[in-house]
Amino acid sequence: MVQANLQLLITPQSFLIAPCDKPPGEVSLFYLGAGRANLELSTVNCQLSTVNYQLSTVNCQLSTVNCQLSTVNCQLSTINYPLLSKSMRSFRSEPFLWIHLAGIAVVPLSLQVVWLGLAVGTPLPFFWLELLLVAAVGIVPVFWMQWQRPFSIFSLLILAVKPEEMMESQRQILSLLKSNRQRFLSAIAAIVMLLALWQLYQLAPIVVMAASIVPPFRLLGLLIASVAFLVSNLFFQVPVSVLGVFLTSPEKSAAREPYPVAEIEKDFTLTGWRVGQILSENTEASNVQDQEQVIRDSAGEQYN
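Residues numbered from 1 in each chain as written. Predicted model: local features only at pLDDT ≥ 70, side-chain atom pairs only at ≥ 80, totals over all residues. Heavy atoms only, no water.

Novice: I'd like a rundown of the overall build of the chain, residues and numbers included.
Specialist: Along the backbone of the chain there are eleven helices and five strands. A total of 304 residues make up the chain; the buried ones form 33% of that total. Per element, the accessible surface of the chain, about 18900 Å² overall, is 67% carbon and sulfur. (Helix = DSSP H or I, 4+ residues; strand = E, 2+ residues; numbered from the N terminus. Buried < 20%, exposed > 50% of the residue type's maximum accessible area, 1.4 Å probe, protein only. Areas by Shrake-Rupley, 256 points an atom, 1.4 Å probe, with all protein chains shown as cover.)

So this is what it looks like as C-alpha cells:
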C-alpha cells in the first residue's frame with residue numbers, strides 16, 4: 001500500500017486534497033486554480049465590505065435625520081403645550097359665550113309682559129285654547145330651531161361672524177352645540193317654559209289692575225303674551241345651550257372636532273349681516289401657529 005502525503009487547501013466549496021505523488025506539472029496547475037479561487041473569494045469579500053460600509057453610512061444618515069426630527073417634535077411640543085392649555089381655557093373665556101349667557105336676564109322681564117298680556121280682557125271659555133295658542137307661538141319655533149339648526153352664538157344683534165372667519169376653537173363650540181346633549185337640554189328648557197306659562201296663566205287675575213292700561217281686547221292681550229313668550233323662550237333656550245358648553249370638560253372640548261366650515265350655513269341659524277369680526281380677538285393662538293409653521297418650513301429645508 002503506497003502511502004501518500006496529503007496537503008489540505010481551503011477553497012470556497014470544500015477542502016482540496018492534493019497528493020504529492022502527482023507529476024509536478026499537474027500539481028502546479030492544481031495550486032494555480034486554487035489560488036485563483038481564493039483571489040475571487042477575496043474580491044467578493046472586499047465588495048461585501050464596501051456594501052456594508054455604505055449601509056453603515058446610510059444608517060448613520062438616518063440616525064441623524066431621526067435626531068433632527070426628534071428635535072423638531074420637541075420644539076413643536078413646547079409650542080403646542082401653551083396652545084393646548086389656551087384652547088382648553090378658551091371655551092370658558094370666549095366672550096360670545098358669556099354675552100349670550102347674560103341674555104338670560106331678559107327672561108324675567110319678558111315673562112312679566114307675558115303675565116300682563118294674559119290678564120288683558122276677559123278670558124275665553126276654552127282656557128286650554130289660549131294656552132295652546134301662546135305655547136305654540138312662543139315655544140315651538142325656538143325649540144324647533146334649537147333641535148334642527150341651533151342658533152349660532154357668534155352673532156350680536158344684526159351682525160354675525162362669517163363661517164370662514166371663525167377660529168378653530170369657535171367651530172369646536174359649534175360642534176358642541178350640535179350634540180345630542182344640547183337637544184336634551186333644549187327639550188328640558190321647553191318643558192320648564194311650558195310649566196312657567198301655566199303658572200302665569202293661573203296667576204293672571206292678580207295683575208288685572210296693572211293690565212288695565214292696555215285696551216281690554218282679549219285677542220290683543222294674547223298677541224302681546226305670545227310675542228313676549230317667544231322672546232322669553234329665545235333668551236332662555238340660547239343661554240341653556242351655552243350652559244351645556246360650560247358643563248363640558250375642557251379636555252373633551254379641546255378634543256372635539258371643529259365643525260366643517262362648509263356645513264355651518266346649512267346646519268346653524270345665522271342671523272344678521274355677515275362680517276369678518278365683531279369682537280377683538282386674542283391673536284396669541286395665531287402667533288403660535290405662525291411659529292409652528294416657521295419651524296416646519298425650516299425643518300423641511302434642512303431635509304431637502
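Once you've had a look at it, read on.
Novice: Break down the packing of helix 7 (residues 180-202) against helix 8 (residues 218-246) for me, with residues and values.
Specialist: Put simply, helix 7 and helix 8 touch, their axes get as near as 9 Å, and they point 145 degrees apart. For helix 7 against helix 8, the interelement crossing comes out right-handed. Taking contact as the criterion, the partners of Arg 181, Gln 182, Leu 185, Ser 186, Ala 189, Ala 190, Val 192, Met 193, Leu 197 and Tyr 201 in helix 7 are, on helix 8, Arg 218, Phe 229, Ser 232, Asn 233, Phe 236, Gln 237, Val 240, Ser 241, Gly 244 and Val 245. Of the residues assigned to the contact of helix 7 with helix 8, the class counts are eleven nonpolar, seven polar and two charged. (Axes fitted to C-alpha atoms, helices over the stretch in contact; angles between N-to-C directions. Left-handed = near helix turned anticlockwise from the far one by under 90°. Contact = heavy atoms within 4.5 Å. Nonpolar A, V, L, I, M, F, W, Y, C, P; charged D, E, K, R; others polar.)

Novice: Could you give an account of the pattern of salt bridges, naming the residues involved and the relevant values?
Specialist: Taken as a whole and judged by the stated rule, the model has three salt bridges. In this structure, the salt-bridge partner of Arg 218 is Glu 130, at a minimum N-O distance of 2.8 Å. One end of the pair, Arg 218, is in helix 8; the other, Glu 130, is in helix 4 (residues 127-138), with 88 residues separating them in the sequence. The same class applies to Arg 218 as to Glu 130, namely buried. (Salt bridge = Lys/Arg side-chain N within 4 Å of Asp/Glu carboxyl O.)

Novice: Tell me what's going on with the packing of aromatic side chains, and back it up with residues and numbers.
Specialist: Tallying each qualifying case throughout the model produces seven aromatic pairs. Considering the side-chain rings of Phe 127 and Tyr 201, the 6.4 Å spacing of their centres and the 35 degrees angle between planes classify their relative orientation as tilted. Taken together, the positions of Phe 127 in helix 4 and Tyr 201 in helix 7 put the pair 74 residues apart, joining distant regions of the chain. Overall, Tyr 201 belongs to the buried group, its relative accessible area being 12%. One aromatic cluster is present, formed by Phe 127, Trp 198 and Tyr 201 through successive ring pairs. The side chain of Lys 178 reaches across the aromatic face of Phe 268, ending 5.9 Å from its centre. (Phe/Tyr/Trp six-rings, centres within 6.5 Å; stacked < 30°, edge-to-face > 60°. Lys NZ or Arg CZ within 6 Å of the ring centre and 35° of its normal.)

Novice: Before we move on, can you summarise the confidence of the model for the chain with the specific residues and values?
Specialist: With 71% of its residues at a pLDDT of 70 or more, the chain shows a mean pLDDT of 79. The low-confidence segment residues 282-289, where pLDDT is below 50, has six contacts with residues more than four positions distant or belonging to other chains. (pLDDT = per-residue confidence, 0-100.)

Novice: Lay out the layout of surface pockets in plain terms, naming residues and giving numbers.
Specialist: Over the atoms rolls a probe the size of a water molecule, and in doing so it shows where empty space is left. By volume, the second largest pocket amounts to about 290 Å³. Ile 99, His 100, Gly 103, Phe 151, Ser 155, Leu 156, Leu 157, Leu 234, Phe 235, Val 238, Pro 239 and Thr 271 together form the lining of the second largest pocket. Of all the elements in the fold, those that place two or more residues in the lining of the second largest pocket are helix 2 (95-102), strand 3 (155-156) and helix 8. Looking at the lining of the second largest pocket element by element, the count peaks at four residues for helix 8. Of the residues belonging to the lining of the second largest pocket, the class tally is eight nonpolar, four polar and no charged. (1 Å grid on protein atoms, 1.4 Å probe; cavity = no way out; pocket = protein on both sides within 12 Å on 5 of 7 lines; lining within 4 Å. Points joined across faces, edges and corners; volume = space filled by probe spheres on them.)

Novice: Can you tell me about the sheet that holds strand 3, naming the residues and giving the values?
Specialist: Spatially, 3-4-5 is the arrangement adopted by the three strands of the open sheet, whose pairing is mixed. Two strands bound the open sheet, and with one partner strand each, they are strand 3 and strand 5 (273-275). Note: strand 3 against strand 4 (residues 159-161), two bridges, orientation antiparallel. Bridge pairing links Leu 156 to Leu 159 in strand 4. (Pairing = 2+ DSSP bridges.)

Novice: An account of a nonpolar patch on the surface is requested, with residue identities and associated values reported.
Specialist: Taken together, the side chains of Val 106, Phe 217, Leu 220, Leu 223, Val 227, Val 231, Leu 234 and Phe 235 present a nonpolar region at the surface, about 630 Å² in accessible area. It is helix 8 that provides the largest number of residues to the nonpolar patch, a total of six residues. By the element assignment, Leu 220 lies in helix 8. When its relative accessible area of 32% is taken as the criterion, Leu 220 is described as partly exposed. (Patch = residues over 30% accessible without salt bridge, like charges linked within 9 Å, V, L, I, M, F, W, Y side chains within 5 Å.)

Novice: Break down the packing of helix 3 (residues 106-118) against helix 7 for me, with residues and values.
Specialist: At a minimum axis separation of 9 Å, helix 3 and helix 7 run at an interaxial angle of 45 degrees. The orientation of helix 3 with respect to helix 7, classified from their angle, is oblique. Two packed elements cross with a definite hand, and for helix 3 against helix 7 that hand is right-handed. Contact residues: helix 3 offers Leu 111, Val 114, Trp 115 and Leu 118, while helix 7 offers Met 193, Leu 197, Leu 200 and Tyr 201. (Parallel < 35°, antiparallel > 145°, perpendicular 65-115°, else oblique.)

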